[in-house]
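# Observations on the model geometry
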Amino acid sequence: MILRCRDIELSLDFVAVMGVLNVTPDSFSDGGLWLDPDAAIAHGAAMVADGAAIVDVGGESTRPGASPVAEEEELRRVLPVIERLADEIPAPISIDTRHPPTARAALAAGASIVNDTAGEATSPDMDRLIANSGCGVIAMHSRGSPGTMLTMTAYSDVVRDVTGFLLERAERLESLGVKHDSIALDPGFGFAKNAEQNLELLARLDEVTRFDYPVVAGTSRKSFIGKVLDVETGDRAEGTLATVVWAVAKGARIVRVHDVRAAVRAVRMTEAIQSASPRKGRP
C-alpha cells in the first residue's frame, strides 16, 4: 500500500508515523512551543531524524472550544515553516487545516498532503483544490467547528456513521479525479466524539481499516486518554502509546503523534510481533 502525494509515493508497507508540528499559541498539548519558525523547523527536522515519515504542520488549533484564526494569521504561522522544511527534510509535509486558501498556499509552499480537518463541514472548494493539485489527502471525520463539536456527538452507531461518511467522502473525491491511492481516512478521534465514543472507535477500528484505504489514527494525548487514566495533558505518554499499539494491531497504517521517537519504537515492536512466525513443534 502507498499514499501518493504529488510526485512522492509514501510506502505504507510499514506503518508511517506522522509527527505533529503545531505552530499555534493555543493547541491543547503543545501550544506556544513552536511558534518561532526557527524552533518549529528544528523540531520538524528532529522528528524526521527520530523516524517520522510525515510532518503535519498546523496553524490553527482544532481542540474543542478553540477560537477561529484569521486566514492571514494562519498563513503567517505556517508558510515560513513549510517553505524551509520542504528544502530541509526528505519527508512529505502535510498542512493541517480546514480552510481551502490555506491549503492552496501551503501546497504552493511545498506541502504535498492536505490533512483536511473540516469533516462534515468540508467545502466543495477543498475537494476541487485537492483534485486539481494531485496532492495526497487525509479525509477526517468531524462535525461543526471547534467551538460547537462537543454539542454534536449524537450517533446511531458511531463507528458505522463515521465509516459511512468517510467512504462517501472518498467516493466524492475519486469522482472529481483524485486517485484512489492518494486518499487516507481518519475517523477523527476527539472530534465531535465523547470519551466513550472514542474508545468504541478504537475497539472497533478494524471495521474502518477493512476497506482499501490507509487509515490514520490520531489519538495522541487526547482528552479521552486523560479521562480514562485521570491524568493531565502532559502526562498521557503511556496512554497514547497504548492507543497507538492497539490502532496498529487493528490495521491503521498511519499514526499521528507528538512523541515521535517513542511511537516509532512502539510501532516497530508491534510490527515485529505481528510478523513473527509461529514456533514449529509447539504442542
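You'll find the structure just up there.
Conventions used here
- All residue numbers here refer to positions counted from 1 along the written sequence of the relevant chain.
- It should be noted that, the model being predicted, local features are given only for residues of pLDDT at least 70 and side-chain atom pairs only at 80 or more, the latter also being counted only at that level, while totals for whole chains, interfaces and linings use all residues.
- Calculation of side-chain values draws on the structure's entire complement of heavy atoms; hydrogens and water are dropped beforehand.
- Elements are defined by DSSP. Helices are runs of H or I of four residues or more, strands are runs of E of two residues or more, and each kind is numbered from the N terminus.
- By definition, residues are in contact when any of their heavy atoms lie within 4.5 Å.
- Here a helix's expected span is defined as the number of its residues, less one, multiplied by 1.5 Å.
- For the exposure calls, accessible area comes from a 1.4 Å probe over protein chains only, and a residue counts as buried if that area is under 20% of its type's maximum, exposed if over 50%, partly exposed in between.
- Without a salt bridge and with relative accessible area above 30%, a residue can belong to a patch; like charges are then joined within 9 Å and nonpolar side chains (Val, Leu, Ile, Met, Phe, Trp, Tyr) within 5 Å.
- With residues, only the protein chains shown are counted as cover, and all accessible areas are computed by Shrake-Rupley using a 1.4 Å probe.
- We count a salt bridge whenever a side-chain nitrogen from Lys or Arg sits within 4 Å of a carboxyl oxygen from Asp or Glu.
- For the purpose of counting charges, residues Lys and Arg are taken to be positive, whereas Asp and Glu are taken to be negative. His and the chain ends are not included.
- By convention, the charge on Lys lies at NZ, on Arg at CZ, on Asp at CG and on Glu at CD.

The subject of this paragraph is the side chain of Asp127. Within the secondary structure, Asp127 sits in helix H4 (residues 124-133). When residues no more than four places from it in sequence are discounted, the contact partners of Asp127 are Thr122, Arg169, Arg172, Leu173 and Leu176.

Next up on the list: helix H9 (residues 237-249). Its 13 residues give H9 an end-to-end C-alpha distance of 18 Å, which sits within 8% of 18 Å, the value for a rise of 1.5 Å per residue. Taken together, the buried positions of H9 are occupied by Gly239, Thr240, Thr243, Val244, Ala247 and Val248. Following H9 by one or two positions, Gly251 has its phi on the positive side, about 110°.

Okay, a negative patch on the surface next. Negative charge collects at one region of the surface, where Asp230, Glu232, Asp235 and Glu238 lie side by side. Positionally, Glu232 belongs in the loop between helix H8 (223-229) and H9.

Let us look at the environment of Val260. With respect to the element layout, Val260 can be found in helix H10 (residues 260-275). Separated by 210 residues in the primary sequence, Val260 and Asp50 place their C-alpha atoms 6.3 Å from one another. Among all residues touching Val260, those that are not within four sequence positions of it are Val17, Gly19, Met47, Asp50, Gly51 and Ala52.

The final tally for this structure, using the stated rule, is 23 salt bridges. A salt bridge links Arg77 to Glu73, with the shortest nitrogen-to-oxygen separation between them at 2.9 Å. Of this pair, Arg77 and Glu73 both sit in helix H2 (residues 71-88), separated by 4 residues, roughly a single helical turn. Among the ionic pairs, Glu271 bridges to Arg268, the shortest N-O distance being 2.7 Å. Here Glu271 pairs with Arg268, and both are found in helix H10, just 3 residues apart, close to one helical turn. Relative accessible area serves as the criterion here: at 10%, Glu271 is assigned to the buried category. Among the ionic contacts, a cluster of salt bridges with common partners joins Asp157, Arg160, Glu200, Arg204 and Glu207.

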